[in-house]
Amino acid sequence: MLRLILKRVVNMVPTIAGVALVVFVLFSVIPGSFISSLMDDGRGGMDPAVVERMRRELGLDDPVAVRIVRYLGQLVVGDLGTSFRTREPVTRLIGQRLGASLELTFAAMGFAMLVGIPLGFYAALRPGSLIDTAAMIAAVSGLSLPKFWLGLMLMYLFAEYLHWLPSFGYGGWEHLILPALALGVSPMALLARTTRASVLEVINADFVRTARSKGMSETRVVTWHVARNALLLVLTTVGLQFGALMGQAVVVEKLFSWPGLGGLLVDSVVQRDIPAVQGGILVIVLFFLVINMLVDIAYVVIDPRIRAG
Amino acid sequence: MKMRANLWIGGGFFALAVTAALLAPVLATHDPVLGADLMRSEEPPGREFWFGSDTQGRDIWSRVVYGARISLTVGVVSQLINSVIGTVLGITAGYWGGWWDDLVSGLTNIMLAIPSLIFALAIMAILGPGLFSLLIALGLTNWTFTCRIARAQAMALKSQGYVQAAKVMGSGDLSIMLRELLPNMAGPLIVIATLGMGGSILAEAALSFLGLGIQPPFPSWGSMLSDARDNIRAVPWLAAFPGLAIFFTVLGLNLLGDGLRDILDPQSRSRLP
């Protein structure tokens, strides 16, 4: 078990390095730079001497190859560099916001799993019924909704019109509900579809028929044989969705003025604060990889066949 | 019967969006950009302004109709770029194998780990806002799924008799890929492209909403919604109609994709839930 975990962790390293490399190369070819974005803010030209000094201070004078090696070297010891904008370590900027991002991501995914999986399960047990049709219409609709528009509509209904919940900001649980709903609806829809599809696949399997024919009660067949095997397939979707959610949260965070990584990323992109953008992307990628690693490990724990093989 | 319903309803919604885009000058009742009239701002939907007017007195119906042009252009063109990149990389990796396959698979894994919206955001930061940047940013970030399917299909198909026969008859690699492999994997690729178009339209709306995509005053559904955010209390209809337009267009593409999958790629029903 420990060996498996270690192996997974080691497997993540090349991907992280690859992502860092791709992002770094991408930003090294930018025609404009942080300094030129300072210059075209309408306040007129900057003193060339100041520009020269800033370039030197920010380390932009060195060749790209030197900068890449330096960046990867810092990365190994967990240093994401210094923000151009605030001159703070990027790790601190991210640290201040990671908590809020995690809170939102977990709340949204919790909602998606609690609603999506039972919905898909229920629909699959009664294929073709009214509930099945309604659930699948709701699911395909949920996948087609722009998250920020859903958020905007929720904001109008529950905050501006009914005055039940605050319209934006960060604070207690009442601030969390609307952003979590806006973010959670599309993974919920996808989970409902996946669960339905995998339950339908399992429910006609030989081992289920065997269980029925030996006189096992329907409840026990469903909970013991169908659910266990179907949820194994659902787990992959949970992992992929969960991992991707932090990236998708950008727009929802911006809409609800949620102080997470999304706001940091968007502001940093606008001002070309490259170390902050790179750091933010790397943290989101790391989250994706860690979640999927945990899912892989969960497979082994749940399914004895994988453990043996 | 149900799968036909998907196809027809989805196709219907999508056809509506295409019609709006093509006939925008005929359908619009006002100028979508220059028709500003501050004396008539924030009017609720009525006979003059079917969908109401925005904070600058522009007709929302006309802006929504013209917005279809932007959304569909972005959806179709960026997905086309994704399909070409994904298909070329996938077929060559699957057919040739070796170091090229390792390279493509490695790149695909890296791309899969970076959330596509975040990647597109980074590319928009480099290229600056605007339609052209959107096409590039969204065209470069969503080819991984196409690539994986094309690669898997190429690997499965290359040992088939007819591919071997073509090889023996002296067909070159390029001719085998184009004549033998591509037609036999077109079904799943078309399905992915249809669903991907919906994804691109959502991403364009999100980027424009963040202020990084289409810039005002041009009518993109996403940028209209970012105006609406600040005026949600006074002008709720400004938020409602562009959002509904996005929703029904994407819903149409998703249903169409589901329907096409049932016809073109029946085995994959469990592979792509």
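Structure: above.
Residues numbered from 1 in each chain as written. Chains lettered and ligands numbered in written order. Predicted model: local features only at pLDDT ≥ 70, side-chain atom pairs only at ≥ 80, totals over all residues. Heavy atoms only, no water.

Asks: Even after reading the chapter, I still don't get the overall build of chain B, so can you show me in this structure?
Replies: Broken down by element type, chain B carries 11 helices and zero strands. Overall size of chain B, expressed as C-alpha extent along the three principal axes, is 75 × 45 × 30 Å. Counting only residues that meet the buried cut, chain B has 53% of its 273 residues in that class. A total of about 11,700 Å² of accessible surface is found on chain B, and carbon and sulfur atoms cover 67% of it. Looking at chain B, you have 17 positive and 17 negative side-chain charges, and the mean spots of the two groups are 9 Å apart. (Helix = DSSP H or I, 4+ residues; strand = E, 2+ residues; numbered from the N terminus. Buried < 20%, exposed > 50% of the residue type's maximum accessible area, 1.4 Å probe, protein only. Areas by Shrake-Rupley, 256 points an atom, 1.4 Å probe, with all protein chains shown as cover. Lys, Arg positive; Asp, Glu negative; His and termini not counted. Charge placed at Lys NZ, Arg CZ, Asp CG, Glu CD.)

Asks: Even after reading the chapter, I still don't get the pattern of salt bridges, so can you show me in this structure?
Replies: A side chain of one charge can pair with a side chain of the opposite charge if their charged atoms are brought near each other. Residues and elements named next belong to chain A. Scanning the entire structure with this criterion turns up nine salt bridges over all chains. Of the charged contacts, one joins E88 and R92 as a salt bridge, the two residues approaching to 3.2 Å between their closest N and O atoms. Of the charged contacts in the structure, one is a salt bridge between R209 and D206, with a shortest N-O distance of 2.6 Å. With R209 and D206 both in helix 9 (residues 206-213), this residue pair falls three residues apart, about one helical turn. Across this residue pair, the class does not change: R209 and D206 are exposed. (Salt bridge = Lys/Arg side-chain N within 4 Å of Asp/Glu carboxyl O.)

Asks: Can you help me understand unusual backbone geometry in this one?
Replies: All names here are of chain A. The backbone of H163 sits at a positive phi, close to 55°, despite the residue not being glycine. Positionally, H163 belongs in the loop between helix 7 (147-161) and helix 8 (173-203). Phi angles above zero are rare outside glycine, and S257 is one such case at about 45°. Turning to its location among the elements, S257 is positioned in the loop between helix 10 (218-255) and helix 11 (261-270). Taking relative accessible area as the criterion, S257 reaches 36% and is therefore assigned partly exposed.

Asks: Mind showing me how you'd approach the packing of aromatic side chains here?
Replies: What characterises a pair of aromatic rings is the spacing of the ring centres plus the angle enclosed by the ring planes. Residue and element names in this part refer to chain A. The final tally for this structure, using the stated rule, is eight aromatic pairs over all chains. Ring centres of F158 and W164 lie 5.9 Å apart, and the angle between their planes is 40°; this geometry places the pair in the tilted category. Of the aromatic side chains, those joined through ring pairs into one cluster are F106, F242 and F287. (Phe/Tyr/Trp six-rings, centres within 6.5 Å; stacked < 30°, edge-to-face > 60°.)

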